[in-house]
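The chain contents come next:
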Amino acid sequence: MVHYGHSNQLRQARAMGDYLIVGVHTDEEIAKHKGPPVFTQEERYKMVQAIKWVDEIAPGAPYVTTLETLDKYSCDFCVHGDDITLTIDGKDTYEEVKTAGRYRECKRTQGVSTTDLVGRMLLMTKAHHSNIDEDLDYRKHTDNFGKGPKGHSPWTGVSQFLQTSQKIIQFASGKEPQPGDTIIYVAGAFDLFHVGHVDFLEKVHQLAEKPYIIAGLHFDQEVNRYKGKNYPIMNIHERTLSVLACRYVSEVVIGAPYAVTADLLDHFRVTLVCHGMTEVVPDKDGSDPYEEPKQRGIFQLVDSGSNLTTDLIVQRIIKNRLEFEARNQKKEAKELAVLEAMRRLEEQKH
């Protein structure tokens, strides 16, 4: 996956130098070292390229970063998070570049990991965006997935992420609209920010010479009203950072009203309002949330050309994860069987 934790690492890396090249592995390389990837390499290349601190991507980067790779791209040093990554044979992946003094480290983002996000999807509870313990029953199942490094299961489904004003400032563009800018408003959940969102925002960005895109994010409760189930998977704080990290977005409204009102359009001096090809659910009172921009003649449907939705990603991940679990359980069962056979042999000897 590509999530705001990765974006935060890239932000830190970019601040250490002048030009950031991000190596992205192929599907084959990931399958070999980590198991099957959820997003294809093409999707991952596009996602990483859309993160605003990235100057260039290096597709098909090797899993182990060597001095040869650094020299090939004329890089002074490489940057990695402060978690250790090991090769198949248990060696530190970054040993060579560390020895050469061409390695720097950035801090991991507390409270987010792919494992944690997948856990929230699998649990199908709403506990990750509410303060109510809806159903303690699901806690019984949390231990089946094994514990995280700190002893608490990453599968409890409650977001551990703590938002601070500092983090928002670090992610925000800080740019105000300039004279001659076309101010475009888009609204939605932007949950599990993915390549479908990127395609949509890129298309919207191409509609004007000097676009200034404002993304209105709905609060969790609102998203749950029109999406149902356990959506949103990411809470409003996490969605804010995910969208701010995208190079096409200039500003985010945190907790935008569901109906695009005259007040909102006038306040931000909006020239154009865009929506993708996904269904527009009526407001609580049955009205069209885009009624006002439509009356003003500034509403436009934009086809991103992508059929990827948050729903599809969740389905992909669950399918992928269940296969992954099954494979691991098989492996464990085999190992246990071998141990058992060895124990029996020992007993027969005595």
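A few points on the structure. (Residues numbered from 1 in each chain as written. Predicted model: local features only at pLDDT ≥ 70, side-chain atom pairs only at ≥ 80, totals over all residues. Heavy atoms only, no water.)

It is worth spelling out the overall build of the chain at this point. Looking only at helices and strands, the chain features 14 helices and nine strands. Going through the 350 residues of the chain one by one, you find that 45% of them count as buried. Accessible surface, the chain: about 19,000 Å² in total, of which carbon and sulfur atoms supply 52%. (Helix = DSSP H or I, 4+ residues; strand = E, 2+ residues; numbered from the N terminus. Buried < 20%, exposed > 50% of the residue type's maximum accessible area, 1.4 Å probe, protein only. Areas by Shrake-Rupley, 256 points an atom, 1.4 Å probe, with all protein chains shown as cover.)

On to the sheet that holds strand β6 (residues 211–217), then. With respect to topology, five strands assemble into an open sheet ordered β7-β6-β5-β8-β9, the strand pairing being parallel. Strands at the two margins of the open sheet, each flanked by one partner only, are β7 (251–254) and β9 (299–301). With strand direction ignored, the average angle separating the axes of adjacent strands in the sheet is 25 degrees. Where strand β8 (residues 272–275) meets β9, three bridges bridge the pair, whose relative direction is parallel. Bridged to His275 within β9 is Leu301. (Pairing = 2+ DSSP bridges. Axes fitted to C-alpha atoms, helices over the stretch in contact; angles between N-to-C directions.)

On to the side chain of His80, then. Here His80 is to be found in strand β3 (residues 78–81). Assessed through its relative accessible area of 16%, His80 is described here as buried. Apart from the residues lying within four places of it in its own chain, the contact partners of His80 are Thr85, Tyr94, Tyr103, Arg104, Glu105 and Cys106. (Contact = heavy atoms within 4.5 Å.)

Applying the stated criterion across every chain yields a total of 22 salt bridges. A salt bridge links Asp55 to Arg14, with the nearest nitrogen and oxygen atoms 2.9 Å apart. In this pair, Asp55 sits in the loop between α3 (41–49) and β2 (56–59) while Arg14 sits in helix α1 (residues 4–15), placing the two residues 41 residues apart along the sequence. Salt-bridge contacts for Lys229 lead to Asp311; the nearest nitrogen and oxygen are separated by 3.6 Å. Here Asp311 lies in helix α14 (residues 310–349) and Lys229 lies in the loop between α10 (220–227) and α11 (236–244), a separation of 82 residues in the sequence. (Salt bridge = Lys/Arg side-chain N within 4 Å of Asp/Glu carboxyl O.)

Here Asn235 is to be found in the loop between α10 and α11. In this structure, the C-alpha to C-alpha distance between Asn235 and Leu192, residues 43 residues apart in sequence, is 9.6 Å. A polar contact of 3.0 Å, which involves the side chain of Asn235, links it to the backbone nitrogen of His237. (Polar contact = N/O pair within 3.5 Å; in protein donor to acceptor, adjacent residues only side chain to side chain.)

Applying the stated criterion to the full structure yields six aromatic pairs. Pairing Tyr94 with Tyr103 gives two aromatic rings, centres 5.5 Å apart and planes at 50 degrees, and the pair type is tilted. With relative accessibility at 15%, the residue Tyr103 sits in the buried group. Here Lys98 stacks its cationic end above the ring of Tyr103, 4.9 Å away from the centre of that ring. The ring of Tyr231 carries Lys227 above its face, with NZ or CZ at 4.6 Å from the centroid. (Phe/Tyr/Trp six-rings, centres within 6.5 Å; stacked < 30°, edge-to-face > 60°. Lys NZ or Arg CZ within 6 Å of the ring centre and 35° of its normal.)

So, on to the state of the cysteines. Such a bond, covalent and formed between the sulfur atoms of two cysteines, is termed a disulfide. What the rule picks out here adds up to zero disulfides. Here Cys78 is not cross-linked by a disulfide; its sulfur's nearest cysteine counterpart is in Cys75, at 8.5 Å. (Disulfide = S-S within 2.5 Å.)

On the surface, a cluster of nonpolar side chains totalling about 410 Å² of accessible area is made up of Leu336, Val338, Leu339 and Met342. Locating Leu339 in the fold gives a position in helix α14. (Patch = residues over 30% accessible without salt bridge, like charges linked within 9 Å, V, L, I, M, F, W, Y side chains within 5 Å.)

Take unusual backbone geometry next. A cis amide bond links Tyr231 to the next residue, Pro232, at an omega of -5 degrees. In this structure, Pro232 sits in the loop between α10 and α11. The backbone phi angle of Leu192 is positive, close to 45 degrees, even though this residue is not glycine. Within the element layout of this structure, Leu192 appears in the loop between β5 (182–188) and α9 (195–205). In this structure Leu192 comes out as buried when scored by relative accessible area, which is 4%.

Quick look at α1 now. Its 12 residues give α1 an end-to-end C-alpha distance of 16 Å, which sits within 8% of 16 Å, the value for a rise of 1.5 Å per residue. Among the 12 residues in α1, nine count as buried, and that is most of the element. What α1 keeps buried is the set Tyr4, Gly5, Ser7, Asn8, Gln9, Leu10, Arg11, Gln12 and Ala13. Contacts made by the buried residues of α1 are with β1 (21–24), β3, β4 (103–106), α8 (165–171) and α11. (Expected span 1.5 Å × (residues − 1).)

Turning next to the nonpolar core. Membership of the largest hydrophobic core comes to 56 residues, with the highest contact counts inside it found for Val186, Phe190, Phe193, Leu201, Val204, Val243 and Cys274. The biggest single contributor to this core is α9, with five residues. Those residues in contact with Val204 that sit more than four places away from it in its chain are Ile184, Val186, Ile213, Cys274 and Val302. Formed by 14 residues, the second largest nonpolar core is a distinct cluster that contains Tyr185, Val253, Val270 and Val273. (Core = buried A, V, L, I, M, F, W, Y, C linked by side-chain atoms within 4.5 Å.)

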